[in-house]
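If you want the building blocks of each chain, they are given just below.
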Amino acid sequence: TSYESKRVVVTGMGALTSLGKDVASNWTNVIQGRSGVGPIRQFDSSHFPVRIGSEVDLDVLDWSNLPDVNRQLSRSALFGIWAMEECWKDAKLDTADIDRERAGVCIGASTFPVVDETLKFANPRKLLEGELFNAENTKYYLELCRQHPDLLSQRNFASISSLLSARHDLRG
């Protein structure tokens, strides 16, 4: 098979992590050796063997520049919107004449089932024991999703790409 080399151009960057709400603050904190790890505050982690994490607090963000954003979207979607808007500004695309038929959104991400303190279940360790995606864990997670459909909206990264593409009418 022949391999045709294609060029990719990164025109802007956006980041939202436990170290900062933009690329500059993330980079500064990395250079200064700061850690974004701390106690988990978003749910009761007392049932888990590890109770620290690298959380992002969406409540500290200033959403006034994005009044059209539905704050009821999943955390994943809000992360994506924030980072994309940072990237959009960094690339100065507000004033750019771009071919929207050729521009698109690509997201690389992975996920682990979110367990919220409001979920009532007998054994929260089931998700942590053995292989993550063995038959028992998969059945258990699907049952959680049936009981709490909002978990599914946190998992569908394709819908986030679609949402971000629609925000800026990108059809590539």
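Whatever comes next refers back to the structure up there.
Residues numbered from 1 in each chain as written. Predicted model: local features only at pLDDT ≥ 70, side-chain atom pairs only at ≥ 80, totals over all residues. Heavy atoms only, no water.

Student: Before we move on, could you go through the overall build of the protein and cite the residues and values that matter?
Tutor: Each helix and strand counted, the protein has five helices and two strands in total. The order of α-helices and β-strands along the protein, N terminus first, is α-β-β-α-α-α-α. Evaluated residue by residue, the protein yields a buried proportion of 31% over its 172 residues. At a minimum sequence separation of 6, the contacts of the protein that also span at least 24 residues come to 53%. Looking at the protein as shown, the accessible area adds up to about 11,900 Å², and 53% of this sits on carbon and sulfur atoms. (Helix = DSSP H or I, 4+ residues; strand = E, 2+ residues; numbered from the N terminus. Buried < 20%, exposed > 50% of the residue type's maximum accessible area, 1.4 Å probe, protein only. Contact = heavy atoms within 4.5 Å. Areas by Shrake-Rupley, 256 points an atom, 1.4 Å probe, with all protein chains shown as cover.)

Student: Please give an account of the environment of V37 that cites residues and values.
Tutor: Along the chain, V37 turns up in the loop between α1 (23-31) and β1 (38-39). Along the backbone, V37 and G53 are 16 residues apart, and their C-alpha atoms lie at a distance of 5.2 Å. Aside from chain neighbours lying at most four places away, what touches V37 is I52, G53 and S54.

Student: Which residues make up unusual backbone geometry, and what are the values?
Tutor: Positive phi values are uncommon outside glycine, yet K92 reaches one of about 55 degrees. Although it is not a glycine, D169 sits at a positive phi angle of roughly 50 degrees. By secondary structure assignment, the location of D169 is in the segment after α5 (157-167).

Student: Provide a residue-level description of the pattern of salt bridges, including the pertinent values.
Tutor: Taken as a whole and judged by the stated rule, the model has seven salt bridges. Among the ionic pairs, E101 bridges to R171, the shortest N-O distance being 2.5 Å. Of this pair, E101 sits in the loop between α2 (75-90) and α3 (135-147) while R171 sits in the segment after α5, and the two are 70 residues apart along the sequence. On the basis of relative accessibility, which here comes to 47%, the residue E101 falls in the partly exposed class. Across the salt bridge formed by R171 and D169, the nearest N and O atoms sit 2.5 Å from each other. Overlapping salt bridges, with partners in common, bring together D68, E85 and R167 in one network. (Salt bridge = Lys/Arg side-chain N within 4 Å of Asp/Glu carboxyl O.)

Student: Outline α2, supporting the account with residue identities and numerical values.
Tutor: Between its first and last C-alpha atoms α2 spans 22 Å; for 16 residues at 1.5 Å apiece the expected length is 22 Å, and the two agree. Restricting attention to buried positions, one finds in α2 the residues S76, A77, L78, G80, I81, W82, A83, M84, E85, E86 and W88. Where α2 ends, the next residue or the one after it, K92, has phi of about 55 degrees, a positive value. (Expected span 1.5 Å × (residues − 1).)

Student: Please give an account of the environment of I98 that cites residues and values.
Tutor: Structurally, the position occupied by I98 is in the loop between α2 and α3. Excluding residues that lie within four positions of it along the chain, I98 makes contacts with W88, L93 and L170.

Take it as geometry only, folks, not as evidence of what the structure does.
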